[in-house]
Amino acid sequence: KSKAKLQEPEKQDTTFDDVAGLDNAKKELQEIIEFLKEPDRFKEIGAKLPKGLLMVGPPGTGKTLMAKAAAGEADVPFYSISGSDFMEMFVGVGAKRVRDMFEKAKKTSPSIIFIDEIDSIGRRRGAGLGGGHDEREQTLNQLLSELDGFEPTESVVVMAATNRPDILDKALLRPGRFDRRITVNLPKQSARHEILKIHAKGKPFAEDVDLEQIARSTPGFSGADLENLLNEASLYAGRNKRKEIVMDDIDQARDKVLMGLERDGITID
Ligand code: ATP
C-alpha cells in the first residue's frame with residue numbers, strides 16, 4: 001500500500017473488552033466516548049470536547065489498542081497514521097497527508113484521528129544537525145495548524161501516542177493542542193493475568209498450564225510481549241506435534257521473549 005495515499009477510515013470492532021487493565025485510561029476516555037456518541041447533547045449545554053490527547057507509555061502497552069477501542073466504543077470512524085510513515089516521504093507529501101486526513105475526519109465527524117509515534121514528527125524543531133529535516137518540520141507545522149484550525153465543536157478527537165514525551169516540541173503540548181495526557185504503564189501482575197486470559201482465548205492448553213503463574217513469572221512484560229509469549233508457545237507446541245500447549249512450551253517461549261527483550265536493552269529482574 002502506498003504510504004502517501006490517504007488511508008480509508010477503519011470501522012473498529014475493537015472495544016474495551018479487548019483491553020485488559022488500563023482502568024484509568026478507560027475512565028479518562030469514557031467522557032470523550034460519551035461526547036462522540038451524542039455530540040449534540042453535549043453541544044447544547046455548551047460542553048467542549050478536548051481536541052488532543054497524548055497517550056504516553058512504553059512500547060506494546062496497548063496505546064494503539066486503546067485508541068481503536070475508543071473508536072469502537074463510540075462507533076465512529078478511525079483514521080490512523082504513524083509518525084514513522086512520514087520519514088520516507090518527499091517534501092510536502094507529509095503535510096498534504098495530514099491536511100487530507102483532517103479534512104476527511106471533519107467531514108465524517110464525529111471521528112477519531114490516531115497518530116502513532118508522534119515523536120518522530122513532533123520532535124523539537126531545529127534540533128537536527130544542519131537542517132535536512134524540512135519534511136518533518138513541514139509536517140509538524142501542518143499538524144499544529146490543523147489542530148488550531150478546527151473548533152472543539154467539530155467533534156474530532158486527535159489521539160497521539162509516544163514513549164518519548166520528553167523530546168516533543170513544546171508547541172504540541174500547548175493548551176488547545178495535546179493538552180491532556182493519559183499515562184499507560186507496564187501491566188502489573190493482575191493486569192498481566194487479564195491480558196493473558198484475553199490472548200489465551202481459542203488456544204488449547206494442557207491442564208498443567210496456569211495463567212496466573214505465568215503472570216507471576218513475567219514482570220516487565222508488556223501486553224504485546226505477553227501476546228507474543230502465547231504465540232511462541234503455540235508455535236513450539238505445533239513444532240512438537242502436540243495438540244495442546246504444555247507448560248514446557250510456555251517456558252521455552254518465555255526464554256525466547258526474554259532474550260529478545262535483553263537484546264533490545266531491556267533488563268528484567
Ligand atoms: P507501540 O508504542 O509499540 O505502538 P502500543 O502501546 O501502541 O505500542 P499496541 O500496539 O496497542 O501497543 O499493543 C500491541 C498488541 O499487544 C495489541 O494489539 C494487543 O494484542 C496486545 N496488548 C497490549 N496491551 C494490551 C492490553 N492491555 N490488553 C490486551 N492486549 C494488549
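Residues numbered from 1 in each chain as written. Predicted model: local features only at pLDDT ≥ 70, side-chain atom pairs only at ≥ 80, totals over all residues. Heavy atoms only, no water.

(A) A look at the overall build of the protein. The helix and strand tally for the protein stands at 10 helices and 5 strands. Counting all 269 residues of the protein, 46% fall into the buried class. A total of about 13,800 Å² of accessible surface is found on the protein, and carbon and sulfur atoms cover 48% of it. (Helix = DSSP H or I, 4+ residues; strand = E, 2+ residues; numbered from the N terminus. Buried < 20%, exposed > 50% of the residue type's maximum accessible area, 1.4 Å probe, protein only. Areas by Shrake-Rupley, 256 points an atom, 1.4 Å probe, with all protein chains shown as cover.)

(B) Inspection of the packing of helix 9 (residues 223–239) against helix 10 (residues 247–263) at higher detail. Helix 10 packs onto helix 9 with a crossing angle of 130° between their chain directions and a minimal axis gap of 8 Å. On the basis of the axis angle, helix 9 is oblique to helix 10. Helix 9 and helix 10 meet at a crossing whose hand is right-handed. Two secondary-structure elements touch here, helix 9 through D225, N228, L229, L230, E232, A233, Y236 and A237 and helix 10 through D249, I250, Q252, A253, R254, K256, V257 and L261. By residue class, the composition of the contact of helix 9 with helix 10 is 9 nonpolar, 2 polar and 5 charged. (Axes fitted to C-alpha atoms, helices over the stretch in contact; angles between N-to-C directions. Parallel < 35°, antiparallel > 145°, perpendicular 65-115°, else oblique. Left-handed = near helix turned anticlockwise from the far one by under 90°. Contact = heavy atoms within 4.5 Å. Nonpolar A, V, L, I, M, F, W, Y, C, P; charged D, E, K, R; others polar.)

(C) Local environment of the site of the ligand. Lining the immediate environment of the ligand, one finds 16 residues, of which A20, G60, K63, T64 and E227 sit closest. Contact between the ligand and T61: an oxygen atom at 3.1 Å from a main-chain N or O atom of the residue. H199 places a polar side-chain atom, nitrogen or oxygen, 2.9 Å from a nitrogen atom of the ligand. When the ligand sits alone it has 630 Å² of accessible area, and the protein chains cover 79% of it. (Near = heavy atom within 4 Å. Polar contact = N/O pair within 3.5 Å; in protein donor to acceptor, adjacent residues only side chain to side chain.)

(D) Local environment of the packing of helix 7 (residues 189–200) against helix 9. Viewed as axis vectors pointing N to C, helix 7 and helix 9 meet at an angle of 45°, and their least axial separation amounts to 9 Å. Here helix 7 lies oblique to helix 9, going by the angle between them. Every pair of crossing elements has a handedness; the one defined by helix 7 and helix 9 is right-handed. Contacts between helix 7 and helix 9 pair R192, I195, L196, H199 and A200 from the former with G223, L226, E227, L229 and L230 from the latter. Of the residues in the contact of helix 7 with helix 9, the class split is 6 nonpolar, 2 polar and 2 charged.

(E) Molecular detail of the sheet that holds strand 3 (residues 111–116). Strand order in this open sheet of 5 strands is 2-3-4-1-5, and the pairing throughout is parallel. The open sheet has two edge strands with one neighbour each: strand 2 (78–82) and strand 5 (180–183). Going from strand to strand, the sheet's axes swing by 20° on average, the running direction of each strand aside. Two strands pair when backbone bridges link them, and strand 1 (residues 52–56) and strand 4 (residues 156–162) are joined in this way by 5 bridges, in the parallel orientation. Across the sheet, the residue bridging to G52 is V158, located in strand 4. Against the sheet, helix 4 (residues 93–107) contacts strand 2, strand 3 and strand 4, and its axis sits at roughly 165° relative to strand 2. (Pairing = 2+ DSSP bridges.)

(F) The arrangement of the pattern of salt bridges in detail. Taken as a whole and judged by the stated rule, the model has 11 salt bridges. Across the pair E194 and K197 runs a salt bridge, and its minimum N-O distance is 3.2 Å. Of this pair, E194 and K197 both sit in helix 7, separated by 3 residues, roughly a single helical turn. By relative accessible area, which is 35% here, E194 ends up partly exposed. (Salt bridge = Lys/Arg side-chain N within 4 Å of Asp/Glu carboxyl O.)

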